[in-house]
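Spelled out from the first residue to the last, the chains are:
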Amino acid sequence: IGNIGSGKTSFLDLIVRLYDPVNGIIKIDGIDIKKYSLEQLRSSISYVPQNAFLFSESIENNISYGLISAIFKDIVKASKKAAVHENIISFLDGYKTLLGERGVTLSGGQIQRVSIARAIIKNSKIILLDDCLSAVDTETEKEILKHLKSISDSKTTIIVSHRISSLENANQIIVFENGQIVQQGKHTDLIGVEGYYKELFEKQQTDRAK
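Cut-off values and rules
- Residues numbered from 1 in each chain as written.
- Predicted model: local features only at pLDDT ≥ 70, side-chain atom pairs only at ≥ 80, totals over all residues.
- Heavy atoms only, no water.
- Helix = DSSP H or I, 4+ residues; strand = E, 2+ residues; numbered from the N terminus.
- Rg over C-alpha atoms; globule rule 2.2 N^0.38 Å.
- Buried < 20%, exposed > 50% of the residue type's maximum accessible area, 1.4 Å probe, protein only.
- Contact = heavy atoms within 4.5 Å.
- Pairing = 2+ DSSP bridges.
- Axes fitted to C-alpha atoms, helices over the stretch in contact; angles between N-to-C directions.
- Salt bridge = Lys/Arg side-chain N within 4 Å of Asp/Glu carboxyl O.
- pLDDT = per-residue confidence, 0-100.
- Core = buried A, V, L, I, M, F, W, Y, C linked by side-chain atoms within 4.5 Å.

**Some remarks on the overall build of the protein chain**
Check the secondary structure of the protein chain and you find nine helices and seven strands. Since a compact globule built from 210 residues should have a radius of gyration of about 17 Å, the 18 Å found for the protein chain is in line with a globular shape. When the 210 residues of the protein chain are sorted by exposure, 47% land in the buried category. When contacts within the protein chain are restricted to residue pairs at least 6 apart in sequence, long-range pairs at least 24 apart make up 65% of them.

**So, the sheet that holds strand β4 (residues 126-130)**
The parallel open sheet is built from three strands, whose spatial order is β3-β4-β5. Looking at which strands have only one partner, the edges of the open sheet turn out to be β3 (45-48) and β5 (156-160). Averaged over all neighbouring strand pairs, the angle between strand axes comes to 10°, with direction disregarded. Note that β4 and β5 share five bridges and pair parallel. Across the sheet, D130 pairs through a bridge with V160, a residue of β5.

**Some thoughts on the side chain of S115**
By the secondary structure assignment, S115 is in helix α6 (residues 108-122). Contacts of S115, omitting those with residues within four sequence positions, involve V48, A52 and L54.

**A look at the pattern of salt bridges**
All told, the structure shown has five salt bridges when counted by the stated rule. Between E60 and K96 there is a salt bridge, with the nearest N and O atoms lying 2.8 Å from each other. Residue E60 is found in helix α3 (residues 59-64), and its partner K96 is found in the loop between α5 (85-90) and α6; the two are separated by 36 residues along the sequence. Accessibility expressed as a relative area gives 14% for E60, which makes it buried.

**Digging into the environment of K81**
Inspection of the secondary structure assignment puts K81 in helix α4 (residues 72-81). Note: C-alpha distance between K81 and K35 (46 residues apart in sequence) is 33 Å. Setting aside residues up to four positions removed in sequence, K81 forms contacts with I120, I144, H147 and I151.

**Some points on the confidence of the model for the protein chain**
Averaged over the protein chain, the pLDDT score is 89; the fraction of residues at 70 or greater is 98%. For the protein chain, helix α7 (residues 138-151) is the element with the lowest average pLDDT, namely 85, and α4 is the one with the highest, namely 95.

**A short note on the nonpolar core**
Grouped together as the largest cluster of nonpolar side chains are 32 residues, with contacts concentrated most on I59, I63, Y95, V114, I116, I120 and L148. Residue assignment for this core shows that the elements contributing at least two residues are α3, α4, α6, β4 and α7. When residues no more than four places from it in sequence are discounted, the contact partners of I120 are A78, K81, A82, L148 and I151.

**A few points about the environment of L67**
One can find L67 in the loop between α3 and α4. Distance in space between the C-alpha atoms of L67 and Y19 is 25 Å, their sequence separation being 48 residues. In this structure, L67 is in contact with I121 and K122, ignoring residues within four places of it in sequence.

What follows is the structure, given as C-alpha cells:
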C-alpha cells in the first residue's frame, strides 16, 4: 500500500523481471531470481495488472487462456472463486458470450474479476494482484479475498491495494513512499503507530461510517 507513484507496481515489475534492480537481489525460495530462466520464473507467476486486458474472444476462452488444458468445470470453479460466475450465467450466451476489444462489453469490476479467474485457473505458486479489486464493491471484495485465502496456503499472494480492507488479514503489510519501504508489519501493529498506514486506516473508517 502507498500513495500513487510510491513504487508499488514497480515492486511487482521487479518480481516478474520486467526490469532488474540496480542494487541488491530478489530471491524466491532463497534463490536469486536471475538464476531462473524467464520462462521458468513467469510460468510460476499469475499477474493481474491494474488495467486488465481481455481478448476479443468468448469469456470462456479469456479465462482458459490462463491454462490452455482447462476443462469447462475448471473454468466455472475459477469464476466462482473470482465472484464472477453469477454475472456470466446472467448473459444470454453465458460463458460463450463474445467480448469486444479490451472487454468493453463488461463493466470495470467484471473485467477485473474475469482476469482474476484467469489468474486463479493457472494455479501458480505466486499470485500478484495489482490493485485489481478497485472496481468491485466491498462485499464482493470480501468474497474474492476469502476464496484467495482458501487457495493460498501453499502459495505466495501479493496484493497491491488502496483499500486497507484488502490487506488487513495479510501476514505482512509493506507501506511504500517515494520508492522506499517506510513501514512494515501486521495490520494490528501498523494501526498502533503514527504514519501513513494509521492515517489511511482512520480516514477509511470515517468514510465507511458516513
